[in-house]
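# A look at the structure
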Amino acid sequence: QSALTQPASVSGSPGQSITISCTGTSSDVGAYNYVSWYQQHPGKAPELVIYEVSNRPSGVSNRFSGSKSGNTASLTISGLQAEDEADYYCTSYTRSNTYVFGSGTGVTVL
Amino acid sequence: EVQLVESGGEIVQPGGSLRLSCAASGFTFSSYWVHWVRQAPGKGLVWVARINMDGTTTNYADSVKGRFTISRDNAKSTLFLQMNSLSVDDTALYYCTRAGSYRHDYWGRGTLVTVSS
């Protein structure tokens, strides 16, 4: 159960768009549309921002969007704001009836 | 308001055991899968285990299989994690999460487990 691969860090200026990738295998990301994304600010619990690849929970800004192609899922944050600076994690359900998280990406707003 | 409150974390010696609890409120506990997710200091999130609504189905990460046992008491709206044969690699903040349709839609604040001699 190796962690899904995410870039360690991504940065952007306010107002710009950034995309975080999440690469797995045909046994997890590629197998189901059960990829979700979480935002974690320092010292806080994670919060759900995207579920089932591209759905936003109620209350989450529409600046957050998700997609998937093959074994890679992506989270895009458009109109980057200072409050978006946080760690982001993807996770996927797997064929083994388990879950696997991504390695995490630190987003910096320049 | 959905609330998940973990407890039971403490300092334990390698090889020791610990039982974590997670008290749920604000929703019908017996209608949801619930999970444990952990995060070592300064590291990423790692899925640990899950249990279905009536406690008849459980799944574990390979790293804890055979050492950890997840269980629940629906009458008390409480989730448990029995951890045995603890090693320093189990040192982490342990979160309880509610799972709605393959997503962790609510998280507790976590309870810290430190394995150290």
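Residues numbered from 1 in each chain as written. Chains lettered and ligands numbered in written order. Predicted model: local features only at pLDDT ≥ 70, side-chain atom pairs only at ≥ 80, totals over all residues. Heavy atoms only, no water.

## Description of the state of the cysteines
Note the following rule: Any two cysteine sulfur atoms within 2.5 Å of one another count as a disulfide. Secondary structure elements are defined from DSSP: runs of H or I of at least 4 residues count as helices, runs of E of at least 2 residues count as strands, and each element is numbered from the N terminus. Throughout this description, buried means an accessible area under 20% of the type-specific maximum (1.4 Å probe, protein chains only), exposed means over 50%, and partly exposed covers the range between.
This model, assessed by the stated rule, comprises two disulfides over all chains. Through a disulfide, A:Cys22 is tied to A:Cys90; the S-S separation comes to 2.0 Å. In this structure, the disulfide formed by A:Cys22 and A:Cys90 twists by about 80 degrees around the S-S bond and is classed as right-handed. With A:Cys22 in strand E2 (residues 18-23) and A:Cys90 in strand E7 (residues 86-93), this pair connects stretches of sequence that are 68 residues apart. Of the two residues, A:Cys22 and A:Cys90, neither departs from the other in class, the shared state being buried. Between the sulfur atoms of B:Cys22 and its disulfide mate B:Cys96 the distance is 2.1 Å. Because the sign of the S-S torsion sets the handedness, a value of about -70 degrees for the bond joining B:Cys22 and B:Cys96 places this disulfide among the left-handed ones. One end of the pair, B:Cys22, is in strand E3 (residues 18-25); the other, B:Cys96, is in strand E9 (residues 92-99), and 74 residues separate them in sequence. For B:Cys22, a relative accessible area of 0% gives the class buried.

## Examining the pairing of strand E4 (residues 47-50) of chain A
Residue and element names in this part refer to chain A. Our working rule: A strand pair is defined by DSSP finding two or more bridges across the two strands.
Alignment of strand E3 (residues 35-40) against E4, held across three bridges, turns out to be antiparallel. Along E4, the bridge assignment pairs Gln39 with Glu47. Linkage of E3 to E4, two consecutive antiparallel strands, is achieved through a turn of six residues, within which Gly43 is found at a positive phi near 75 degrees.

## Some details on the interface of chain A and chain B
To keep things clear, this is the line we draw: It only takes one pair of heavy atoms within 4.5 Å for two residues to be counted as in contact. By convention, the term buried area covers the 1.4 Å-probe accessible surface removed from two parts as they join, with the contributions of both added. The working definition used for a salt bridge is a side-chain nitrogen of Lys or Arg within 4 Å of a carboxyl oxygen of Asp or Glu.
Tallying the contact residues gives 19 residues for chain A and 21 residues for chain B. Of the roughly 1700 Å² buried between chain A and chain B on both sides combined, carbon and sulfur atoms contribute 60%. When the area that chain A buries against chain B is broken down by residue, the three leading residues are A:Pro46, A:Tyr99 and A:Phe101, summing to 35%. For the interface between chain A and chain B, the tally reads one salt bridge. B:Arg103 is the partner of A:Glu52 in a salt bridge, and the nearest nitrogen-oxygen pair spans 3.9 Å. Breaking the side of chain A that touches chain B down by element, the ones donating at least two residues are E3, E7 and strand E8 (99-101) of chain A.

## Observations concerning the pattern of salt bridges
Residue and element names in this part refer to chain B. Inspection of the entire model under this criterion finds six salt bridges over all chains. Across the salt bridge formed by Arg38 and Asp90, the nearest N and O atoms sit 2.9 Å from each other. Within this pair, whereas Arg38 is found in strand E4 (residues 33-39), its partner Asp90 is found in the loop between strand E8 (78-83) and E9, the two being separated by 52 residues in sequence. A single burial state applies to Arg38 and to Asp90, both of which are buried. Of the charged contacts, one joins Arg98 and Asp105 as a salt bridge, the two residues approaching to 2.8 Å between their closest N and O atoms. One network of salt bridges, with partners in common, ties together Arg38, Arg67 and Asp90.

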